Amino acid sequence: LDELELELIEGVSRHAKKASRKLFDRATVPRDALFQSLIPYRVIRRLGFTDIYELGPGSGYLGALCLEQGGIEHRALEVTQPFYFWQATLWSTWDLHTFHEPWWEQMQNGWSWLDDTNAIVACHMLNEMHINALDHALALSRRMLAQSGGALLVECLGSDVTRKGEETRAHIARSGVRLI
């Protein structure tokens, strides 16, 4: 870990304690999930991505690292209600705007969030999506990345129970989306 990463972890941990007190009436400190989020965060930082869209942000710590650091616009789409409520509470502790809506609201409001972006981040989830949902996500990703020439950043494809990683990688390759 470098000095910046240590400062970011301390800052995100303070915000997570604040959010957990608000939701659960007790302070909790993130552990593995926060450190796991450093992997895509490092890639984003080193490649100079300034505008990312995260599919399935899970515990929300990648977005939290972006908010703590500043200078990276973070937008997210979540499909799981408990994760969505945790993310919304955590990210609101910065008093900064981040585009964050659950899929059920985006389906009603339309796909107006389909702006250009430098990178789409999808960690620990693509193998687990229904094949039609994966194809749809890849088509939207191709559209969102078209002007910037950006890429899909995947730290891990997710569990192999639904589909093996080779099949998911083949789908990504056929979609024309550049994979990092």
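Procedures and definitions
- Throughout, residues of each chain are indexed from 1 in the direction in which the sequence is written.
- Totals for whole chains, interfaces and linings use all residues, but because this is a predicted model, local features are given only for residues with pLDDT of at least 70 and pairs of side-chain atoms are given and counted only at 80 or more.
- Each side-chain value is derived from all of the structure's non-hydrogen atoms; neither hydrogens nor water enter the calculation.
- Each helix is a run of DSSP H or I of at least 4 residues and each strand a run of E of at least 2, with the numbering of both proceeding from the N terminus.
- The size measure is the radius of gyration over C-alpha atoms, and the globule rule it meets is 2.2 Å times the number of residues to the 0.38 power.
- Expected helix span is computed as 1.5 Å times (number of residues minus one).
- The quantity called bend is, for any residue, the angle between two axes fitted respectively to the seven residues ending at it and the seven beginning at it.
- Pairs of residues are marked as contacts when any of their non-hydrogen atoms sit within 4.5 Å.
- The criterion for an aromatic pair is that two Phe, Tyr or Trp rings (for Trp, the six-membered ring) have centres within 6.5 Å, with stacked assigned to planes under 30 degrees apart, edge-to-face to planes over 60 apart and tilted to the rest.
- Burial classes follow relative accessibility: with a 1.4 Å probe on protein chains only, a residue under 20% of its type's maximum area counts as buried, one over 50% as exposed, and anything between as partly exposed.
- Following DSSP output, two strands are said to pair if at least two bridges run between them.
- Whether a crossover is right-handed comes down to one check: with the strands pointing away from the viewer, does the path from the first strand over the helix to the second run clockwise; if it does, it is right-handed.
- Note on terminology: a nonpolar core comprises buried Ala, Val, Leu, Ile, Met, Phe, Trp, Tyr and Cys residues joined through side-chain atoms within 4.5 Å.
- Salt bridge, as used here, is a side-chain nitrogen of Lys or Arg placed within 4 Å of a carboxyl oxygen of Asp or Glu.
- Only the contacting stretch of a helix is used when fitting its axis, a line to C-alpha atoms as for every element, and angles between N-to-C directions run 0 to 180 degrees.
- Should an angle fall under 35 degrees it is taken as roughly parallel, and over 145 as roughly antiparallel, whereas 65 to 115 is taken as roughly perpendicular and any remaining angle as oblique.
- Note on convention: the crossing is left-handed when the near helix lies turned anticlockwise from the far helix by less than a right angle, right-handed when the turn is clockwise.
- When two cysteine sulfur atoms lie within 2.5 Å, the pair is treated as a disulfide.

Asks: What's the story with the overall build of the protein chain in this structure? I'm lost.
Replies: Regarding its fold elements, the protein chain presents seven helices and five strands. Ordered by position from N to C terminus, the α and β elements of the protein chain give α-α-β-α-β-α-β-α-β-α-β-α. Relative to the 2.2 N^0.38 estimate, which gives 16 Å for 180 residues, the radius of gyration of the protein chain is 16 Å and therefore close to what a compact globule would have. Projecting the C-alpha coordinates of the protein chain onto the three principal axes gives extents of approximately 45 × 35 × 35 Å.

Asks: How do you make sense of helix 2 (residues 32-47) when you look at a structure like this?
Replies: Side chains three or four residues apart in an α-helix point the same way, a direct result of the helix having 3.6 residues per turn. For helix 2, which comprises 16 residues, the first-to-last C-alpha distance of 24 Å matches the rise-based estimate of 22 Å (1.5 Å per residue) to within 8%. The largest bend along helix 2 measures about 30° and falls at Pro40. Close packing links the buried residues of helix 2 with helix 1 (3-24), strand 1 (51-55), helix 3 (61-69), strand 4 (119-121) and strand 5 (151-153). In the segment just after helix 2, Gly48 is the residue with positive phi, at about 75°.

Asks: How do you make sense of the packing of aromatic side chains when you look at a structure like this?
Replies: Each aromatic ring pair is specified by the distance between its two centres and by the angle formed by the two planes. Across all of its chains, the model carries two aromatic pairs by this definition. Arranged with centres 6.2 Å apart and planes meeting at 20°, the rings of Phe24 and Trp86 form a pair that is stacked. Here Phe24, found in helix 1, pairs with Trp86, found in helix 4 (residues 81-92); they are 62 residues apart in sequence, far enough to count as distant. Judged by its relative accessible area of 12%, Trp86 falls in the buried class.

Asks: Explain the pairing of strand 3 (residues 99-102) here, please?
Replies: Each regular strand displays side chains that alternate between the two surfaces of the sheet. Note: strand 2 (residues 73-78) against strand 3, four bridges, orientation parallel. Directly across from Leu77, in strand 3, lies its bridge partner Glu101. Each parallel crossover has a hand, and the one from strand 2 via helix 4 to strand 3 is right-handed.

Asks: What is the right way to look at the nonpolar core in this model?
Replies: Looking at soluble globular proteins, one finds that nonpolar side chains tend to be buried together. Among the nonpolar cores identified, the biggest contains 27 residues, and Tyr41, Ile44, Ile52 and Leu90 are the most heavily contacted of them. Contributions of two or more residues to this core are made by helix 1, helix 2, helix 3, helix 4 and strand 4. When residues of this core are assigned to their parent elements, the largest contribution, six residues, is made by helix 3. Not counting residues within four places of it along the chain, the set of residues in contact with Leu90 comprises His15, Ala16, Ala19, Ser59, Gly60, Tyr61 and Ala64. Core analysis: the next-biggest nonpolar cluster, separate from the first, contains 18 residues, Leu55, Leu134, Leu138 and Ile172 among them.

Asks: I would appreciate a short explanation of the pattern of salt bridges in the present structure.
Replies: Two side chains with opposite charge may pair up if their charged atoms get near one another. Scanning all chains against the criterion turns up four salt bridges. The residue Arg75 makes a salt bridge to Asp51 at a minimum N-O spacing of 3.0 Å. A residue pair is termed long-range when its members are at least 10 positions apart, and Arg75 in strand 2 and Asp51 in strand 1 qualify at 24 residues. With a relative accessible area of 15%, Asp51 lands in the buried category. With a closest N to O distance of 3.8 Å, Arg75 and Glu73 form a salt bridge.

Asks: What is the right way to look at the packing of helix 1 against helix 4 in this model?
Replies: When two helices pack together, you describe them by how their axes are tilted relative to each other and by the distance separating the axes. At a closest axis distance of 8 Å, the pairing of helix 1 and helix 4 adopts a crossing angle of 125°. Regarding the angle of helix 1 to helix 4, the classification is oblique. Every pair of crossing elements has a handedness; the one defined by helix 1 and helix 4 is right-handed. Every residue of helix 4 that contacts helix 1 at His15, Ala16, Ala19, Ser20, Lys22, Leu23 and Phe24 is listed here: Phe85, Trp86, Thr89 and Leu90.

Asks: What's the story with the state of the cysteines in this structure? I'm lost.
Replies: Disulfides are covalent bonds that link the sulfur atoms of two cysteine residues. Per the stated rule, a full pass over the model turns up zero disulfides. Cys66 takes part in no disulfide bond, and the closest cysteine sulfur to it belongs to Cys123, at a distance of 11 Å. According to the relative accessible area criterion, Cys66 is buried, its value standing at 1%. The thiol of Cys156 is unpaired, and the distance to the nearest cysteine sulfur, on Cys123, comes to 8.0 Å. Owing to a relative accessible area of 27%, Cys156 belongs among the partly exposed residues under this scheme.

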